[in-house]
Amino acid sequence: MKTLQKGKSILSFSSRHQPAYTVDLGETFSVETFDCYGGAITSAEQLRPNMQIDYINPATGPIFINNLKSGETLVVDIEDIQLDKKGVMVLYPGMGPLGELVKETDTRIFDVNNGKISFNDAIELPIKPMIGVIGTAPLEGDVLCESPGDHGGNMDTKYITTGNKVYLPVFHDGGMLALGDLHATMGDGELNGSGVEIGGKVTMTLSKIHEAIPMPIVETEESFMYISSAENLEQASRKGMEAVVHLFEKKLALSFNDAYRLLSAVCDLQISQIVNPLVTVRIVIPKTVLSNIF
């Protein structure tokens, strides 16, 4: 099994980038990733405002996928996520929604061992590895890796993890997949603007579906999640809700009114993150209602 090294990475998703790697559909391979700071912060003495880091969320890639065509859907089976041994969380005045209450700049480096994160002498956190950034080249232009969108990107969705599938729109032949920004753990919302940021290695297998999707979708054992990003919570929620209502109309042969009723009766609206350039939410469809969306 080959490993794609993290030394080749991008700071934006774009069809103009040249592929760094090429893989085949059906191939299982591993991808090394940096943390969101490119591995630049390694000690508590390094304070984020004092550092010249002119990038955020470097993503390993782009990865050209043979025989993947524009208008199809890329399916990423996440087989495993291995984390590095150290994670980092920075904090400084102005960071996150409560940034005006932060009076002291500091950096915390956390040991990550044996499935646990040593938060302090009294608190240990279980690791919940996840991929913060994963996406394909967008339809047009360049989208920085710090932002989410219909191509994927910085969705910061904690269910993008081992054992689940990510479905990504393909706007250009080859897809141009890239990923990075792992977290050892992160709560919904990423409420101060940071999870436990960490590098690592992701093992995945790729396949495709001959059908287009309007936005990324995550499949878990129990549900399908439409991942919707927009400028604010209301817009992101509306966009995701419309996509799911249209899905119900098509797959269940429902009128708009009944599809809208079903949405409200069984689907959950959940927040992935509120701290990136766009807000990201999930519309969660239980498989008891729709066992297959394709």
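Structure's up top.
Structural notes, computed from the coordinates. Within each chain, residue numbers correspond to sequence positions counted from 1 in written order. Local features in a predicted model are, by the rule used here, given only for residues with pLDDT of at least 70; side-chain atom pairs are given and counted only at 80 or more, and totals for whole chains, interfaces and linings are based on all residues. To obtain the side-chain values, all non-hydrogen atoms of the structure were included, while hydrogens and water were left out.

## Remarks on unusual backbone geometry
Consideration 1: Omega for the bond connecting Gly61 with Pro62 falls within 30 degrees of zero, at 0°, which places this linkage in the cis form.
Consideration 2: A run of DSSP states H or I qualifies as a helix once it reaches four residues; a run of E qualifies as a strand once it reaches two. Both are numbered from the N-terminal end. Along the chain, Pro62 falls in strand S6 (residues 59–66).
Consideration 3: Of note, the phi angle at Met176 is positive, near 60°, even though the residue is not glycine.
Consideration 4: With respect to the helices and strands, the residue Met176 is situated in the loop between strand S16 (165–169) and strand S17 (177–183).
Consideration 5: One non-glycine residue with positive phi stands out, namely Glu190, at about 45°.
Consideration 6: If you trace the backbone, Glu190 turns up in the loop between S17 and strand S18 (197–198).
Consideration 7: Buried residues are those whose accessible area, probed at 1.4 Å on protein chains only, stays under 20% of the maximum for their type, while exposed residues exceed 50% and partly exposed ones sit between those limits. By relative accessible area, which is 3% here, Glu190 ends up buried.

## Considerations on the environment of Ile63
Consideration 1: Among the secondary structure elements, Ile63 is positioned in strand S6.
Consideration 2: Throughout, a residue-residue contact means that at least one pair of heavy atoms, one from each residue, lies within 4.5 Å. In this structure Ile63 touches Leu4, Tyr21, Val23, Phe29, Val31, Gly174, Met176, Leu177 and Leu179, once residues within four positions along its chain are discounted.

## Some remarks on helix H1 (residues 233–252)
Consideration 1: Multiply 1.5 Å by the residue count of a helix minus one, and that product is the helix's expected span. With 20 residues, H1 should cover 28 Å at 1.5 Å per step; its first-to-last C-alpha distance of 28 Å lies within 8% of that length.
Consideration 2: Three or more residues of H1 are buried, namely Ala236, Ser237, Gly240, Ala243, Val244, Val245, Leu247 and Phe248.
Consideration 3: Structurally, H1 contributes buried residues whose contacts are with strand S21 (223–230), helix H2 (256–266), strand S22 (268–273) and strand S23 (279–286).
Consideration 4: With a side-chain oxygen lying 3.2 Å from the backbone nitrogen of Glu234, the N-terminal cap of H1 falls on Asn232.
Consideration 5: With its phi angle positive at about 55°, Ala253 sits one or two positions after the end of H1. Polar contact criterion, stated in full: a pair of N or O atoms within 3.5 Å, where within protein one must be able to donate a hydrogen and the other to accept it, and residues adjacent in sequence count only if both atoms are side-chain atoms.

## So, the environment of Gln82
Consideration 1: Its location among the elements puts Gln82 in strand S7 (residues 73–83).
Consideration 2: With relative accessibility at 40%, the residue Gln82 sits in the partly exposed group.
Consideration 3: Linking Gln82 and Leu182, residues 100 residues apart in sequence, is a C-alpha distance of 9.7 Å.
Consideration 4: The residues contacting Gln82, other than those within four sequence positions of it, are Gly199, Gly200 and Lys201.
Consideration 5: Among the polar contacts listed, one links the side chain of Gln82 to the side chain of Asp80, at a separation of 3.3 Å.

## Notes on the pattern of salt bridges
Consideration 1: Put simply, a salt bridge is a Lys or Arg side-chain nitrogen that is within 4 Å of an Asp or Glu carboxyl oxygen. Scanning all chains against the criterion turns up 11 salt bridges.
Consideration 2: Its salt-bridge partner being Glu72, residue Lys208 comes within 3.1 Å of it at the nearest N-O pair. One end of the pair, Lys208, is in strand S19 (residues 200–209); the other, Glu72, is in the loop between S6 and S7, with 136 residues separating them in the sequence.
Consideration 3: The class for Lys208 is partly exposed, based on a relative accessible area of 25%.
Consideration 4: Taking relative accessible area as the criterion, Glu72 reaches 9% and is therefore assigned buried.
Consideration 5: In the salt-bridge network here, residues are joined through shared partners; they are Lys158, Asp188 and Arg282.

## Topic: the sheet that holds S21
Consideration 1: Being paired, for any two strands, means DSSP has found at least two bridges between them. An order of S1-S5-S19-S7-S16-S20-S21-S23-S22 is seen for the nine strands of this open sheet, with the pairing classed as mixed. What marks the edges here is a single partner per strand, and that holds for strand S1 (3–4) and S22.
Consideration 2: Note: S7 against S16, five bridges, orientation antiparallel. Following the sheet pairing, Val76 is matched in S16 by Val166.
Consideration 3: Every axis corresponds to a line fitted to the C-alpha atoms, with the helix fit spanning only the stretch in contact, and the corresponding angles, defined between N-to-C directions, vary from 0 to 180 degrees. Those strands touched by H1 are S21, S22 and S23, and its axis lies near 30° from that of S23.

## A short note on a nonpolar patch on the surface
Consideration 1: In this analysis, a patch consists of residues with relative accessible area above 30% that form no salt bridge, clustered at 9 Å for like charges and at 5 Å for the nonpolar side chains Val, Leu, Ile, Met, Phe, Trp and Tyr. Computed by Shrake-Rupley with a 1.4 Å probe, the accessible areas treat only the displayed protein chains as cover when residues are assessed. Together, Leu191, Leu233, Ile271 and Ile274 line one region of the surface with nonpolar side chains, adding up to about 330 Å² of accessible area.
Consideration 2: If you trace the backbone, Ile271 turns up in strand S22.
Consideration 3: Assessed through its relative accessible area of 32%, Ile271 is described here as partly exposed.

## Looking at the pairing of S17
Consideration 1: In terms of burial, S17 is largely enclosed, as seven of its seven residues are buried.
Consideration 2: Summarising the sheet, S6 and S17 pair through two bridges and their orientation is antiparallel. Considered in S17, the bridge of Ile63 is made with Leu177.
Consideration 3: Judged from the five bridges that link them, strand S12 (residues 130–135) and S17 form a sheet pairing that is antiparallel. Bridged to Val133 within S17 is Gly180.
Consideration 4: Relative to S18, S17 runs antiparallel, the two being bridged by two bridges. What sits directly across from Leu182, in S18, is Ile198.

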